[in-house]
Amino acid sequence: MNLEQFRKASGLLFMAGFFTCTWDRFLLLNVGSAHVKIHQILFFLSFGLAVWAWRKRLREAVARLRNPFFHCFLGLTVFYAFSVLWSFYPAKTFFYSGWLFFNLFTIYGSARLNGEFLTAERWLLLIRVTMGAMAGIILIDHLAYSRGFPDGLIGFNHDTYLKWGVSRAHAFSGEPSYIGLFLATALVASSTVFSRKIDWRFLLLDLGVLLAIIATVSRSSWVALAIGLGLAVLWKVQVQKRMPWKGLGIGAGLLCLLGLGIFFALSPAQKASFDKNLFGSLIRGEDGSANARWNSQIFAFEMAKETRGMGTGLGASYVYWTRSHPDGNNNVRPPDPMFRREAVMSTWGQLLAEGGVVAVLLYGAAAILLLRALRQRAAAKRDPQLGQALASALLFFVIGAWMLGNVARGDVWVWYSYWSALAFGAMKRA
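Residues numbered from 1 in each chain as written. Predicted model: local features only at pLDDT ≥ 70, side-chain atom pairs only at ≥ 80, totals over all residues. Heavy atoms only, no water.

Caption draft 1: Main features of the nonpolar core. Residues Phe73, Leu183, Tyr363, Trp415, Tyr416, Tyr418 and Trp419 are the most contacted members of the largest nonpolar core, which totals 105 residues. Among the elements that take part in this core, helix α15 (residues 347-381) stands out by supplying 11 residues, more than any other. Residues Phe299, Tyr318, Trp321 and Ala353 belong to the second largest nonpolar core, which totals 9 residues. (Core = buried A, V, L, I, M, F, W, Y, C linked by side-chain atoms within 4.5 Å. Buried < 20%, exposed > 50% of the residue type's maximum accessible area, 1.4 Å probe, protein only. Helix = DSSP H or I, 4+ residues; strand = E, 2+ residues; numbered from the N terminus.)

Below, the structure written as structure tokens:
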């Protein structure tokens with residue numbers, strides 16, 4: 001293989017890693033108590049080939065990695081590694097900080113080094129293919145649920161554990177919220193409604209993804225999608241100096257059709273289950289998931305205060321909270337053995353609880369610097385892809401990172417890589 005073939009192979013492996021980044025429960029290798037996912041292997045191979053291709057220009061390769069976002073996260077990773085010294089679960093902190101370091105280089109680093117191959121057009125195609133495939137699996141499993149496949153025909157269905165009598169298909173991800181947020185971010189980042197010219201083929205894809213997000217029955221994803229699309233509309237209004245009435249009309253019409261379809265498709269028993277477990281429980285203040293997320297912020301503040309602003313150590317918040325507050329909320333072991341035990345179901349909350357003030361400041365700085373760079377480029381270029389990337393990044397940091405935990409998830413790091421490629425100039429146009 002010549003140098004160009006190594007680069008192409010590295011880029012293709014990265015794309016395969018992106019495609020499988022939500023596969024928490026499929027093609028999984030158990031190594032002791034740890035789980036090695038297929039995308040981790042693919043990104044590792046991609047990074048190895050990329051480094052080999054750049055071996056004669058290592059100084060230039062290092063320069064490609066350097067940007068404000070990378071520096072902030074490198075600082076965060078180093079800080080978490082040192083937190084082993086005071087962690088309430090040193091072994092887990094060591095493992096998780098290594099996982100964070102691994103993602104920083106194998107996912108983020110591979111994307112930076114493959115800037116020539118991962119053009120803006122290929123990124124957009126990759127996002128659309130990935131979200132289309134995952135949406136297809138969710139919709140097939142959603143239909144299969146009522147045909148006698150309670151755990152899904154291809155992927156998985158959350159009702160296997162909840163027993164609500166309502167399908168919550170989530171493909172190969174760990175739970176509906178993870179894939180729901182991923183699809184919401186992907187739809188905001190790539191929807192043809194915000195393009196300079198609406199492509200009706202991609203509009204059908206958008207419709208399928210929208211249906212899949214609804215089928216996950218993840219309220220956090222529904223809220224995130226609505227806010228993300230709203231941000232994308234605001235950006236388009238600012239650029240065009242007029243309301244995109246055509247796109248808004250199409251979107252409103254699709255939402256109405258979907259709402260009517262869902263209403264008539266659900267049986268009375270399913271509607272009652274929705275009210276009991278999703279909507280009525282929220283209004284009555286009896287919703288376990290919503291209360292747990294609200295309590296997460298309170299518990300995170302308590303843990304930061306009790307550890308004098310240093311945090312419990314990365315990944316150690318659950319152990320600390322259950323030992324120091326044995327009668328507290330959020331201490332129940334999740335019914336799905338694949339779920340990670342967590343007292344704080346929020347990335348921002350976990351940063352405060354496990355890394356204290358330093359972690360929140362470093363992560364906050366990384367987010368702000370990335371968003372500022374994206375906004376500046378979007379304003380200068382007036383490119384729809386940049387505007388949608390800005391909207392999807394805002395959606396994640398403002399909504400997604402509050403509602404879902406784990407700063408080291410691969411399906412989050414692929415978005416860091418995409419946004420940074422646009423914000424810091426590693427991405428080329430075909």
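Caption draft 2: Broad picture of a nonpolar patch on the surface. A cluster of nonpolar side chains, contributed by Ile140, Phe149, Leu153 and Ile154, occupies part of the molecular surface with about 330 Å² of accessible area. Note on placement: Ile154 falls in the loop between α6 (120-145) and α7 (159-162). (Patch = residues over 30% accessible without salt bridge, like charges linked within 9 Å, V, L, I, M, F, W, Y side chains within 5 Å. Areas by Shrake-Rupley, 256 points an atom, 1.4 Å probe, with all protein chains shown as cover. Salt bridge = Lys/Arg side-chain N within 4 Å of Asp/Glu carboxyl O.)

Caption draft 3: Inspection of the side chain of Ser317 at higher detail. Among the structural elements, Ser317 can be located in helix α14 (residues 317-324). Note on Ser317: relative accessible area 4%, which makes it buried. Sequence-distant contacts of Ser317, defined by excluding residues within four places in its chain, comprise Met303, Thr312, Ala353 and Glu354. (Contact = heavy atoms within 4.5 Å.)

Caption draft 4: Fine view of helix α9 (residues 200-215). Taking 1.5 Å of rise per residue, 16 residues should cover 22 Å, and α9 covers 23 Å from first to last C-alpha, within 8% of that figure. Inspection of α9 places Leu203, Asp206, Gly208, Val209, Leu210, Ala212, Ile213 and Ala215 among the buried residues, and these make up the whole buried set. One or two steps after α9, the chain reaches Val217, where phi turns positive at roughly 50°. (Expected span 1.5 Å × (residues − 1).)

Caption draft 5: Looking closely at the packing of aromatic side chains. Counted by the stated rule, this structure contains 43 aromatic pairs. Aromatic side chains Phe70 and Tyr108 sit 6.4 Å apart centroid to centroid with 20° between the ring planes, which places their arrangement in the stacked category. Here the residue Phe70 occupies a position in helix α4 (residues 68-82), and Tyr108 occupies one in helix α5 (residues 90-113), the gap between them amounting to 38 residues. By relative accessible area, Tyr108 is classed as buried at 0%. Between Phe79 and Tyr80, the ring centres sit 6.1 Å apart and the planes meet at 45°, which makes this aromatic pair tilted. Overall, Tyr80 belongs to the buried group, its relative accessible area being 1%. Stacked on the ring of Trp52, the Lys or Arg Arg55 has its end atom at 4.0 Å from the ring centre. A cation over a ring is seen here: Arg57 above Trp54, with NZ or CZ 4.4 Å from the ring centre. (Phe/Tyr/Trp six-rings, centres within 6.5 Å; stacked < 30°, edge-to-face > 60°. Lys NZ or Arg CZ within 6 Å of the ring centre and 35° of its normal.)

Caption draft 6: Fine view of the confidence of the model for the protein. Mean pLDDT for the protein: 84, with 83% of residues reaching 70 or above. Mean pLDDT across the secondary structure elements of the protein bottoms out at helix α12 (residues 268-283), with 60, and peaks at α4, with 96. Contacts of residues 331-339 to residues separated by more than four positions or lying in other chains number 21 contacts, the stretch itself having pLDDT below 50. (pLDDT = per-residue confidence, 0-100.)

Caption draft 7: Structural view of unusual backbone geometry. The backbone of Leu27 sits at a positive phi, close to 55°, despite the residue not being glycine. Here Val217, not a glycine, exhibits a phi torsion of approximately 50°, which is positive. Position of Val217 among the secondary structure elements: in the loop between α9 and α10 (219-240).

Caption draft 8: Quick look at the pattern of salt bridges. Scanning the entire structure with this criterion turns up 7 salt bridges. Of the charged contacts in the structure, one is a salt bridge between Arg64 and Glu116, with a shortest N-O distance of 2.3 Å. Of this pair, Arg64 sits in helix α3 (residues 58-65) while Glu116 sits in the loop between α5 and α6, and the two are 52 residues apart along the sequence. Here Arg201 makes a salt bridge to Asp199, at a shortest N to O gap of 2.8 Å. The class of Arg201 is exposed, set by a relative accessible area of 63%.

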